[in-house]
Amino acid sequence: MLAVAFIAFAMFQFVGDPISNLVGQDTSTEEREQLKQDLGLNDSIVVQFGHFIGNAVQGEFGKSYRLRKPVKELIAERFPATLELSLLSAFIALLVGIPMGVYTALRRDSWLAQGFMTLSLIGISLPTFLIGIFLILFFGVMLQWLPTFGRGETVDLGWWTTGFLTVSGWKSLIMPAITLAIFQMTLIVRLIRAEMLEVLRSDYIKFARARGLKERSISFSHALKNTLVPVITIIGLQIGSLIAFAIITESVFQWPGMGLLFIQAIEEVDIPIMSAYLLLIAFVFVLINLIVDVLYYAIDPRLRMN
Amino acid sequence: MSLLKIEGMRVEFPSRRGSIVATKNVNLELAAGEILGIVGESGAGKSTIANAVLDLLDPPGIMPEGKVFLEGERIDSLPLDEMRKIRGRRIGMIFQDPLTSLNPLQTIQHQLVETITTHLDVTPEQALERAIDMLDKVGIPDPSERIGNYPHQFSGGMRQRVVIALSLCADPDVILADEPTTALDVSIQAQILDLMRKLVKETGVGMIIITHDMGVISDICDRVMVMYRGDVVEVGTTRKILGNPDHPYTKSLISAVPRPDKRIDRFPLVEYIEEAGVAQRSIDVKTHWLGETRDFSSNKSEFLLSVKNLEMRFMTYNSILPSRRKYLRAVDDVSFDIKAGEVFGLVGESGSGKSTVARMISGIYKPHAGHVFFDGTDLTALSSRKAVNHYRRQMQMIFQDPFSSLNGRMRVGDIVAEPIKFHKLASSNAEVKSIVGDLLDHVGLGAVAAKKFPHEFSGGQRQRISIARALATRPRFLICDEPTSALDVSIQAQVLNLLKDLQEELSLTMLFISHDLPVIRQVCDRVAVMRNGKLVEVADTEELFENPQTEYSKHLLDLMPRLVKV
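Residues numbered from 1 in each chain as written. Chains lettered and ligands numbered in written order. Predicted model: local features only at pLDDT ≥ 70, side-chain atom pairs only at ≥ 80, totals over all residues.

**Here we look at the overall build of chain A**
- Broken down by element type, chain A carries 13 helices and two strands.
- Taking all 306 residues of chain A together, 33% fall into the buried category. (Helix = DSSP H or I, 4+ residues; strand = E, 2+ residues; numbered from the N terminus. Buried ≥ 20, exposed ≤ 12 C-beta atoms within 10 Å, placed from the backbone.)

If you want it as structure tokens, here you go:
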């Protein structure tokens, strides 16, 4: 976290001169020096970094150069959109991916399992934006069922704007969420399948069979739980990357989330937004890793020792 | 009427290049209260029989011929639902490795109760009661407390008891035990065998024990069936098979088992082994590179290797504060001396620290305290890489697992050549090549082996490759860490013969680590006994076996399975 904070901080130092971004052409050198002094830019790097961290912890990232609004507000506006999108797609990916993975592992030779595997191969090799564009073409343009851009109507809960409470919000959400979910889903299917096949070959599954336990109990209560232990790490990281790298999907659907904000910030060299985004994503990853570790602890009794 | 009867069983594993026949024409009868042993070396088809009885063959295995009767009722062609009612309920099975045969994520209670309620018509409370009762029967202390534990909270021997409780909990008539004690230490093995004998006597079940270990057979079995490459070669009472076998395979198998009661010079040449050396073009070590006068500046001290107050600890609990860290003392104040030209044995149960000692001597681990003197030089004080390499060259190691100790992506020739090139022991590539060929010939593989990859060889052959690789630096000290414990007895006999020959020819000094007392007796001149990281006793081998001085050595010797009790 601190390392990422340093990189985010370093962006201010090396990417352009903040003073020339703030002032006009005809500002005198004295005024520039005065401004530098006021902004604390003459302090040593260490002191400046200390200030930066202190502010960041309080959610203070300064003002956007481009929009002239505090970064805090901008992020607060955009973050709910991204989070809703990634959570829904993670939910879809897990809800569809895990049963499909289990099915393909248990009925390896059935035609349905083979079909799932073929589909997942297609899903894993098609780029996200292409899937998004196809969906827009089909449901948005040809059938005209779903809107092709934006979030639809949202409800403002004061601290959070949600699209979950309106029909148009759901309609706009569903396509980007599916687009984002497909890659994750195929990955989960393949992971679960590979890991489960491994578990099904293990001694304790064979011993469970030799004790005459029911197939359903063996597959779900014995095998699936053991399968999930290693898979959880990957799934956790993937959900992190869903939030972080929703950028492409957000651009395709013009989704007013953080990814879009970030892309625009890059175009305009809007450093406060870029650094805040970087820090926020790092924070999300750390948070998810923490959750994964806690989950591990809950599932695997071997870690509860000592 | 016999309890379990098998008629003309044949098991095949179809593959693209024709079927592999695992067993053929197996006939067997088991009576209630009887313990039948099935013995044979790996690949003989022993486990296949047990798996085929319960229809648990690993795919693509099939049983195209043969009938299986349980109390007169034919069970080999039952549908899966019917078969499931037999598994666990009427025929229980015990697997080899207790560390992997329990589900690590469920409590013992969960696994026991699930098994009981699946088969018997009882309430969960009754099932729990029965489960606790079973644990008590198999000798787990505080069963009502421990039943809530997870498998990793039990030791290996205790886990095997849990496995036995699981296979017995639905009250089956037949138990199939597949190598039930192979993964356990001798003292635990003795306890488990006692337990199984007791259970058979009390409950009157019939038991089939599958094993490669003649000691287990002589310890517990009433009758024995000997298998060789899928065929049953001989069936008879234990006394008859061990004392006066008819078939030549049985004879050679028994002669290959190291004798605990007296030292013999060599193992009698074992027939019936597929891999008895191909090319025996031995080289004359007097004139060959391998036997060349060694350029080691010897101090002519009496002891080639001395270990002084060696200590090693591993951190088991980490903390920022050094005072709160916890350590396991793997090796604690160990000192011994090895004379030049002798074979020094190190014996002990698993976890006694024997391998850790070997690794500290060879420099894989850095000792926490203490010194290792090699030919008068303190190896722990050496600092320059060059000086370390100079001694490393004189000291080579042979590892236990012949499968993971050779790089699978290198050709055997390159594996053996690598140390020669590294230490620049030959002047040209052509010379290296001819030396490698000679070495491979000398260990009984033939020079053609150089072009192959390790996976093309069996376990025993791979161990020969390891030996050739160790010899390639012209060492004078060999560390053998359980070199034969992963091998079948007849192959073990061959490898031990080879090591003995080499030791005499090249007057090597050896540190020989093993948990197997009979092997130690056959190979070593002097022995050190280790327990929990401490040295218990050091004595001449014959002295230790005939007249052990400490309680622990006596205890170990008592547990040693006596093959011949006729």
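Further notes follow.
**What about the overall build of chain B?**
- Helix and strand counts for chain B come out as 19 helices and 20 strands.
- Computed over its C-alpha atoms, the radius of gyration of chain B comes to 26 Å, within 12% of the 24 Å expected for a compact globule of 566 residues.
- Reported as C-alpha extents along the three principal axes, the dimensions of chain B are approximately 75 × 60 × 45 Å.
- Classification of the 566 residues of chain B by burial places 44% in the buried group.
- In chain B, of all internal contacts separated by at least 6 residues, the share reaching a separation of at least 24 is 69%. (Rg over C-alpha atoms; globule rule 2.2 N^0.38 Å. Contact = placed C-beta atoms within 7 Å.)

**With respect to the packing of helix H6 (residues 156-168) of chain B against helix H7 (residues 186-203) of chain B**
Residue and element names in this part refer to chain B.
- Orientation of H6 relative to H7, taken along the N-to-C sense of each, is 20°, at an axis distance of 10 Å. Classified by the interaxial angle, the pair formed by H6 and H7 is roughly parallel. Remark: the crossing between H6 and H7 carries right-handed chirality. Counting all contacts with H6, which are made through Gly156, Gly157, Gln160, Arg161, Ile164 and Leu168, the residues of H7 involved are Ile188, Gln191, Ile192, Leu195 and Leu199.
- In the contact of H6 with H7, the residues fall into six nonpolar, four polar and one charged. (Axes fitted to C-alpha atoms, helices over the stretch in contact; angles between N-to-C directions. Parallel < 35°, antiparallel > 145°, perpendicular 65-115°, else oblique. Left-handed = near helix turned anticlockwise from the far one by under 90°. Nonpolar A, V, L, I, M, F, W, Y, C, P; charged D, E, K, R; others polar.)

**Some points on the pairing of strand E20 (residues 534-540) of chain B**
Residues and elements named next belong to chain B.
- With six bridges joining them, strand E19 (residues 526-531) and E20 adopt antiparallel strand pairing. Residue arginine 526 lies in a different strand from E20, and its bridge partner there is aspartate 540.
- Taking the residues between adjacent antiparallel strands as the criterion, E19 and E20 are bridged by two residues, where asparagine 532 takes a positive phi near 45°. (Pairing = 2+ DSSP bridges.)

**Quick look at the domain arrangement of chain B**
Residues and elements named next belong to chain B.
- Split into domains, chain B comes out as domain 1 (36-50 + 75-255) and domain 2 (289-559).
- On a C-alpha basis, the centroid separation for the pair domain 1 and domain 2 is 35 Å.
- Elements supplying a minimum of two residues to the side of domain 1 that touches domain 2: H7 and helix H10 (248-256).
- The biggest single contributor to the side of domain 1 that touches domain 2 is H7, with three residues. (Domains from an automatic or database assignment.)

**Description of unusual backbone geometry**
- You will see that glutamine 254 of chain A, though not glycine, has its phi angle at about 50°, which is positive.
- When you line up the elements, glutamine 254 of chain A lands in the loop between helix H11 (247-252) and helix H12 (258-267).
- The backbone of aspartate 333 of chain B shows a phi angle near 50°, a positive value even though the residue is not glycine.
- Residue placement: aspartate 333 of chain B occurs in strand E12 (residues 326-339).
- Exposure remark for aspartate 333 of chain B: the 14 C-beta atoms within 10 Å place this residue in the partly exposed category.

**What about the sheet that holds strand E2 (residues 20-30) of chain B?**
Residues and elements named next belong to chain B.
- Spatially, the four strands line up as an open sheet ordered E2-E1-E4-E5, and their pairing is antiparallel. The sheet is open, and its two edges are formed by E2 and strand E5 (73-74), each paired on a single side.
- One ladder, built from seven bridges, connects strand E1 (residues 4-13) with E2; its direction is antiparallel. Its bridge partner being in E2, valine 11 is matched across the sheet by threonine 23.

**Topic: the interface of chain A and chain B**
- Between chain A and chain B, the residue contacts involve 20 residues of the former and 25 residues of the latter.
- If you list the elements that add at least two residues to the side of chain A that touches chain B, you get helix H9 (203-210) and helix H10 (215-244) of chain A.
- When residues in the side of chain A that touches chain B are grouped by element, the largest group, six residues, is from H9 of chain A.

**Topic: helix H4 (residues 124-137) of chain B**
Residue and element names in this part refer to chain B.
- A rise of 1.5 Å per residue sets the reference length of H4, with its 14 residues, at 20 Å; its end C-alpha atoms lie 20 Å apart and thus fit the reference within 8%.
- Along H4, the residues classified as buried are Ala127, Ala131, Ile132, Met134 and Leu135. Projected down its long axis, H4 shows its buried positions confined to an angular sector of 160°, all on one face.
- The inward-facing, buried residues of H4 abut helix H3 (108-119), helix H5 (143-146) and H6. (Expected span 1.5 Å × (residues − 1). Arc of directions from axis to C-beta.)

**What to know about the sheet that holds E19 of chain B**
All names here are of chain B.
- If you walk across this open sheet you meet the six strands as E16-E17-E18-E13-E19-E20, and the pairing is mixed. In this open sheet, the two edge strands, each paired with only one partner strand, are strand E16 (395-398) and E20. The mean inter-strand angle of the sheet, taken between neighbouring strand axes irrespective of direction, is 15°.
- One ladder, built from five bridges, connects strand E13 (residues 343-347) with strand E18 (residues 509-514); its direction is parallel. Paired with leucine 346 across the strands is isoleucine 513, a residue of E18.
- Seen against the sheet, helix H15 (residues 459-471) touches E16 and strand E17 (477-481) and runs at an angle of roughly 175° to E16.

**Overview of the environment of proline 151 of chain B**
Residue and element names in this part refer to chain B.
- Tracing the chain through its elements places proline 151 in the loop between H5 and H6.
- Sequence separation between proline 151 and leucine 102 is 49 residues, and the spatial gap between their C-alpha atoms is 6.6 Å.
- Once you skip the residues sitting within four places of it in the chain, proline 151 turns out to touch Leu102, Pro104, Ile108 and Arg159.

**Considering the confidence of the model for chain A**
- Here chain A averages 79 in pLDDT, and 89% of its residues register 70 or above.
- Taken element by element, the predicted model of chain A shows its lowest mean pLDDT in helix H2 (residues 18-22) of chain A (60) and its highest in H9 of chain A (90). (pLDDT = per-residue confidence, 0-100.)

**Quick look at the nonpolar core**
- Core analysis: the largest hydrophobic core is formed by 215 residues, its most contacted members being Ala131, Ile208 and Leu511 of chain B.
- Among the elements that line this core, the one with the most residues is helix H8 (residues 167-200) of chain A, at 14 residues.
- When sequence neighbours within four positions are dropped, the list of residues in contact with leucine 511 of chain B reads Ile338, Phe344, Leu346, Ala358, Ile361 and Ile479 of chain B. (Core = buried A, V, L, I, M, F, W, Y, C linked by C-beta atoms within 7 Å.)

**Looking at the environment of valine 167 of chain A**
Residues and elements named next belong to chain A.
- By the element assignment, valine 167 lies in helix H8.
- The exposure class of valine 167 is exposed, given the 10 C-beta atoms found within 10 Å.
- Considering only alpha carbons, one finds valine 167 and serine 202, 35 residues apart in sequence, at a separation of 48 Å.

**Some thoughts on the environment of isoleucine 182 of chain A**
All names here are of chain A.
- One can find isoleucine 182 in helix H8.
- Sequence spacing of isoleucine 182 and alanine 90 is 92 residues, and the spatial spacing of their C-alpha atoms is 9.6 Å.
- Excluding anything up to four places from it in sequence, isoleucine 182 contacts Gly123 and Ile131.

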